[in-house]
Amino acid sequence: MELDPLLLSRLQFAFVVLFHAIFPVFTIGLASYIALLHGLFYKTKNPAWDRLALFWTKVFAVVFGMGVVSGIVMSFQFGTNWSNFAQATSNFMGPVLSYEVLTAFFLEAGFLGVLLFGRHKVPEGAHLFAALMVALGTFISAFWILSANSWMQTPVGYELVDGRFHITSWTDAIFNPSFRYRFAHMVMASFLTGGFVVAGVSAWFLLRKRDVPANKKALSMCLWLLLILTPAQAVVGDFHGLNTLEHQPTKVAAMEANWETDSGVPLLLFALPDGDAQTNHWEVSIPRLASLILTHDLDGTVPGLKEAPADEQPPVFIVFWSFRIMVGLGLAMIAVALAGLVLRRGGRVYSQPLYLKTLVGMIGAPFVAVLAGWVVTESGRAPWLVQGVMTHAEGLTPSLTGAMALFSLIGYMAVYAVVFLVGIYYLTRVVKNGMLPDPDEVDDGMGSAKRPFSAAHTPFDDHDLQGAKS
Amino acid sequence: MNLDITLVWAGIIGFGVIMYVLMDGFDLGLGILYPFAPDETSRDVMMNSVAPVWDGNETWLVLGGAGLLGAFPLAYSVFLPALYIGVFLMLAGLIFRGISFEFRFKSRKNRHWWNRAFCWGSVVATFAQGAVVGAYIQGFPVEDKIFVGGAFDWLTPFTVITGLGLMAGYALLGATWLILKSEGHTQDWAYAITPRLLWAVLGVFAIISLWTPLVSVDVRERWLSHIHLIWVFPILAMVCAAALYRAVKQREEGRPFIMALGLFIFTYLGMIASKWPVIVPPDYTVWDAASAPESQVFLLIGTVFVIPVVLAYTTWTYWVFRGKVKADDGYH
């Protein structure tokens, strides 16, 4: 079989970006949560907030470190596998991605160090300020990345000169038509991720009766947040969908596996879309519902996939099912949040074992939903790399061979597998160590690296734990 | 506007590259020397001496990569495909090295694995970087602004020499850094290996100096057609080498490192002088490779703001962690 560099490069990019996305989607939400905890402690002086802040800062440190490591690869991917794309779009992508690095550096250099290592070195107010700045930094980072991605989906503010994009309006290009929906959807997804992880871990502690007062507070906060955010995210997602319908109708058609442009289109609950046959098998549907959802009108017209020639259609099966996974998990999240509201009566929310176990089980849900969402939006754009202007094939590095792409794909998977397994193993140790007062917590700021992981003093193996105590 | 913004960007990228080479150079060098260290205590000292600063050092690589895309996209979109396998090896090496920094001190039972990750990560990353330098001197087959060579064009006998040469060079930087930061038997060891590393570097230096004119006609023309001011760079590099040797013999603590930095800086300036203003050898100058002026200006606004902050923060970190390092500093 001939190795296809295009397919392998797409797989590689998908793998690297999805692997990387796990970390920032968590740290964006968690950074705000930590800032909130610091704020609550600053105001109330209740030590429970401080202990929670300390514990979650340790988790943040490890996850942030893994995000940085996996992110370095991203900045080289454009050049190695998509050099034609890099060259054509460099006038926009170069400055935007550079600004992401520059602002991320600001965050790391100025404030992350203070947040992680400055507890006893700077006044409480300054420490709180550092926590706020770290949270702000994660938003600024997300701002640039989503601006770059949105521009690829809905490119404006440029003119093409000799096949290269020249920016005519930075404002138009950065704040392109789909940017605000994408940014809002992503930021809320980050908050949901942070919320479900904190809720799940708090529930896990409550099941084991550890640090009950502090974890009750944490769980209660999270559930209020989730009660508001889960339905709000559905609304934002709906607006995002309307925007996509306007600018990328083929993507919406793929999400709904709708082949013919029609009015009063049914919502498919189940189907096996078949791109070769240009039709679906085994459809189960609710009449007119897709029209209602997408156009807010029972008789609204929904565009069909066949508006685009077969070779300009996205992989319908993948987009259709990824979209259903995302929406299904979203509905499950709403249900869990509502159940929490019901169980609040009589405080059962803190003691009902089934509910607590459900919350533990839901820790992975927002991650899967986010990854599925990225697959929808990225695969749904296929075959376009820059919507309507440049295809994947045109953006590919011309000198790239299938063997090279395969070698690096396997290589990155191996490297990341090690990083991920070690990181997750270590993270579970940090969590299991919990919030108990840690004798190693005292930090003189000398000698230890001013680096994320160094803020988590949990030893790596059991043998070591004894060694440290002796 | 009289100011040529492309020149400004060439200066920024050039500055970023040498900052990266000098700063990540000595901590990669320690990784290369790692297996030869006399004992585990010395390894603790070696790692502790760079633990607080290595991450800041690598920031220059990320800034350089993103800046290159923003300011000289042609260079970015030729170098990365041409160096595809090398870039992968470098990133994999840096990742393994990065996580071993974090986990070695937290691990006792598995510490030898993290030692290995630190060493091999450093070796692979350094060799790949050195081979990149060689590939740059060689030049790239480019047609219509697109790289048209093969996956292993970057790996030739010449680039193997430059790869090994950079390993020796980084090891020299690492050893002189260790003289500055350590004491006792670790420092004695560093004093002992430094002259040997210096001879290795000078040997490679000689080979490359003789070989480069054979690899590149333009370089031969520039250096040999008539006597230029550029000869001052290799002469100053030799002066630094001699001073380094003397300083080690006199057991000076700070000067060997400074002289090793000087050796690197003048060699680097010499290399730039060989190629300027070509950024994608053999054909494209910095002006050919530049992005649109409005993009360069837009990016410059943020960069002039951040680089002083990076420099100030870096200086401050080095100041905080000044002085000798002890073996048990890093482990609480």
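Here the structure is a predicted model, which means the values were calculated and not measured.

What counts and what doesn't
- Here the residue numbers are simple positions, counted from 1 along each chain's written sequence.
- Here chains are named by letter from A upward and ligands by number from 1 upward, in the order in which they appear as written.
- Local features are withheld for residues below a pLDDT of 70 in this predicted model, meaning they are given only at 70 or higher, and side-chain atom pairs are given and counted only at 80 or more; totals for whole chains, interfaces and linings count all residues.
- Working from all heavy atoms in the structure, the side-chain values ignore hydrogens and water.
- Secondary structure elements follow DSSP: runs of H or I of four or more residues count as helices, runs of E of two or more count as strands, with numbering from the N terminus.
- Burial classes: relative accessible area under 20% of the type maximum marks a residue as buried, over 50% as exposed, and values in between as partly exposed (1.4 Å probe, protein chains only).
- Only heavy atoms matter for contacts: two residues are in contact if any of them lie within 4.5 Å across the pair.
- Defined in terms of a 1.4 Å probe, buried area is the accessible area two parts forfeit on being brought together, summed over both.
- Here a polar contact is taken to be a pair of N or O atoms separated by no more than 3.5 Å, where protein atoms must pair a possible hydrogen donor with a possible acceptor and residues adjacent in sequence count only if both atoms sit in side chains.
- Lys, Arg, Asp and Glu make up the charged group, whereas Ala, Val, Leu, Ile, Met, Phe, Trp, Tyr, Cys and Pro make up the nonpolar group; the residues left over, Gly among them, are polar.
- In this analysis an axis means a line fitted to C-alpha atoms, helices contributing only their contacting stretch, and an angle means the value between N-to-C directions, from 0 to 180 degrees.
- Angles below 35 degrees are treated as roughly parallel, those above 145 as roughly antiparallel, those between 65 and 115 as roughly perpendicular, and all remaining angles as oblique.
- Aromatic rings from Phe, Tyr and Trp, taking only the six-membered ring of Trp, are treated as a pair when their centres fall within 6.5 Å; an angle between ring planes under 30 degrees marks them as stacked, one over 60 as edge-to-face, and anything in between as tilted.
- Counted as over-ring charges are cases with an Arg CZ or a Lys NZ within 6 Å of the ring centre that also lie within 35 degrees of the ring normal.

Caption draft 1: Fine view of the side chain of Asn215 of chain A. Residues and elements named next belong to chain A. Within the secondary structure, Asn215 sits in helix α7 (residues 212-247). Taking the relative accessible area as the measure of exposure, Asn215 reaches 1% and is therefore buried. The contacts of Asn215, once residues within four sequence positions are left out, are Leu52, Ser202, Phe205, Leu206, Arg210 and Met435.

Caption draft 2: Just the interface of chain B and chain A, in detail. Contacts between the two partners involve 63 residues from chain B and, on the opposite side, 71 residues from chain A. For the chain B and chain A pair, buried surface summed over both sides reaches about 6,100 Å², with 72% attributable to carbon and sulfur atoms. The interface formed by chain B and chain A includes 10 residue pairs in polar contact (both at pLDDT 80 or more). Mapped onto the side of chain B that touches chain A, the elements with two or more residues apiece are α3 (54-71), α4 (73-82), α5 (84-104), β2 (146-147) and α13 (293-320) of chain B. Looking at the side of chain B that touches chain A, the element that brings in the most residues is α13 of chain B, giving 13 residues. When its residues are assigned to classes, the side of chain B that touches chain A shows 41 nonpolar, 14 polar and 8 charged.

Caption draft 3: Up close: the packing of α3 of chain B against α4 of chain B. Residues and elements named next belong to chain B. Two numbers describe how α3 lies on α4: the axes approach to 5 Å, and their chain directions differ by 120°. Considering the angle they form, α3 stands oblique to α4. Across from Gly65, Leu68, Leu69, Gly70 and Ala71 in α3, the residues of α4 making contact are Pro73, Ala75, Tyr76 and Phe79. Split into classes, the residues belonging to the contact of α3 with α4 amount to 7 nonpolar, 2 polar and no charged.

Caption draft 4: Local environment of the packing of aromatic side chains. Under the definition given, this model contains 50 aromatic pairs over all chains. On the numbers, 6.4 Å between centres and 65° between planes, the contact of Phe23 of chain A with Phe420 of chain A is edge-to-face. Within this pair, whereas Phe23 of chain A is found in helix α1 (residues 5-44), its partner Phe420 of chain A is found in helix α14 (residues 402-433), the two being separated by 397 residues in sequence. Exposure remark for Phe420 of chain A: the relative accessible area of 28% places this residue in the partly exposed category. Between Phe270 of chain A and Trp321 of chain A the ring centres are 5.3 Å apart and the planes differ by 65°, which places this aromatic pair in the edge-to-face class. On the criterion of sequence distance, the pair formed by Phe270 of chain A in strand β4 (residues 267-274) and Trp321 of chain A in helix α10 (residues 316-343) is long-range, its members being 51 residues apart. The rings of Phe92, Tyr99, Phe143, Trp144, Trp151, Tyr158, Phe165, Trp170, Phe175, Phe179 and Phe183 of chain A together with Phe298 of chain B are connected pair by pair, giving a single aromatic cluster. Over the ring of Tyr136 of chain B we find Lys275 of chain B, and its NZ or CZ is 5.9 Å from the ring centre. The ring of Trp319 of chain B is capped by Arg322 of chain B, whose NZ or CZ atom sits 3.9 Å from the centre of that ring.

It is worth stressing that arrangement in space is one thing and function is another; only the former is reported here.
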